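One letter stands for each residue in the lines below.
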Amino acid sequence: MLWIKTLHIIFMVTWFAGLFYLPRLFVYHAMSKDKISHERFKVMERKLFFGIMTPGAFLTILFGGWLWGLYGVTEQWLQIKIGLVILLLAYHYLCFKHLIDFKNNKNKHSHIYFRWFNEVPVIALIAIIYLVEFKPA
């Protein structure tokens, strides 16, 4: 059981590393002016999304689901946490859409938009850790 929990936390950290860093790359990508920078950011964004973020998300959910099945917890704090994870999956998908826009040179957002966009996973992480540690409600 502790190994499953450990793996869940490791992959959650991996996923969040990507959720924090990819929008930051979008900030710099949106600010860049030359073709070489644009191409470099495209490679970095693709590798981060498909090599770190998406496997991290998948494995976080896999091990989290496994824990849920073992513990069978149905308390309200866990339901809220799962709701936040679903919102993070929507955010992950939105990151994918932005990645595709940059890949196809169709980004319409400024670096300021991406600076604000980058704050969403911070708020989710704080809320999730609070729920897991304090188990309110």
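Below is a summary of the structure that appears in this document.

Rules used in this analysis
Throughout, a residue's number is its position along its own chain's written sequence, starting from 1. Only residues with pLDDT of 70 or above have their local features reported here, since the model is predicted, and side-chain atom pairs are shown and tallied only from 80 upward, although totals for entire chains, interfaces and linings are computed over all residues. Each side-chain value is derived from all of the structure's non-hydrogen atoms; neither hydrogens nor water enter the calculation. Elements are defined by DSSP. Helices are runs of H or I of four residues or more, strands are runs of E of two residues or more, and each kind is numbered from the N terminus. Definition of a polar contact: a pair of N or O atoms within 3.5 Å, with one able to donate and the other able to accept a hydrogen when the atoms are protein atoms, and with sequence-neighbouring residues admitted only if both atoms are side-chain atoms. Only protein chains enter the accessibility calculation, which uses a 1.4 Å probe. A residue is then buried if its area is under 20% of the maximum for its type, exposed if over 50%, and partly exposed in between. In this tally, Lys and Arg are treated as positive and Asp and Glu as negative; His is ignored, and so are the chain termini. The working definition used for a salt bridge is a side-chain nitrogen of Lys or Arg within 4 Å of a carboxyl oxygen of Asp or Glu. Should any heavy atoms of two residues lie within 4.5 Å, those residues are counted as being in contact. By convention a nonpolar core is built from buried Ala, Val, Leu, Ile, Met, Phe, Trp, Tyr and Cys residues, the set being connected through side-chain atoms within 4.5 Å. Patch criteria: residues need more than 30% relative accessible area and no salt bridge. Like-charged residues are merged within 9 Å; nonpolar side chains of Val, Leu, Ile, Met, Phe, Trp and Tyr are merged within 5 Å. Areas reported here follow the Shrake-Rupley algorithm with a probe of radius 1.4 Å; residue values treat only the protein chains shown as occluding. Only the contacting stretch of a helix is used when fitting its axis, a line to C-alpha atoms as for every element, and angles between N-to-C directions run 0 to 180 degrees. Orientation is classified from the angle alone, with under 35 degrees giving roughly parallel, over 145 giving roughly antiparallel, 65 to 115 giving roughly perpendicular, and any other angle giving oblique. By the definition used in this description, the sense in which the near helix is turned from the far one sets the handedness, with an anticlockwise turn below a right angle giving left-handed and a clockwise turn giving right-handed. Asp, Glu, Lys and Arg are counted as charged, while Ala, Val, Leu, Ile, Met, Phe, Trp, Tyr, Cys and Pro are counted as nonpolar; the rest, among them Gly, fall into the polar class.

### A few points about the environment of Asn105
In this fold, Asn105 is placed in the loop between helix H3 (76-103) and helix H4 (111-117). Counting along the chain gives 63 residues from Asn105 to Lys42, while the straight-line C-alpha distance between them is 9.8 Å. Of note is the side chain of Asn105, whose polar atom sits 3.0 Å from the side chain of Lys42.

### Brief notes about the side chain of Lys81
Mapped onto the elements, Lys81 comes out in helix H3. For Lys81, which is buried and forms no salt bridge, the nearest opposite charge comes from Glu133, at a distance of 9.6 Å. Among all residues touching Lys81, those that are not within four sequence positions of it are His8, Ile128, Leu131 and Val132.

### Regarding the side chain of Ser32
Its location among the elements puts Ser32 in the loop between helix H1 (2-31) and helix H2 (35-71). For Ser32, the side chain forms a polar contact with the main-chain oxygen of His29, separated by 2.8 Å. Contact partners of Ser32, with chain neighbours within four places excluded, come to Ser37, His38 and Phe41.

### Observations regarding the nonpolar core
Leu19, Leu22, Leu88 and Cys95 are the most contacted members of the largest nonpolar core, which has 26 residues in total. If you tally residues by element for this core, the top one is H3, at eight residues. Contacts of Leu88, omitting those with residues within four sequence positions, involve Trp15, Phe16, Leu19, Pro121, Ala124 and Ile128.

### Observations concerning a nonpolar patch on the surface
Residues Met1, Trp66, Leu70 and Tyr71 make up a contiguous nonpolar surface patch of roughly 430 Å² in combined accessible area. Take Trp66: it is sitting in helix H2.

### Quick notes on the environment of Tyr130
Examined against the element boundaries, Tyr130 turns out to sit in helix H5 (residues 120-134). Overall, the relative accessible area of 42% leaves Tyr130 in the partly exposed class. Along the backbone, Tyr130 and Trp66 are 64 residues apart, and their C-alpha atoms lie at a distance of 21 Å. Discounting residues that sit within four places of it in the chain, Tyr130 has contacts with Lys135 and Pro136.

### Digging into the packing of H1 against H2
Contact geometry of H1 with H2 gives a least axis separation of 7 Å together with a crossing angle of 150°. Classed by the angle they form, the pair H1 and H2 counts as roughly antiparallel. H1 and H2 meet at a crossing whose hand is left-handed. Classifying every residue of the contact of H1 with H2 gives 24 nonpolar, eight polar and three charged.

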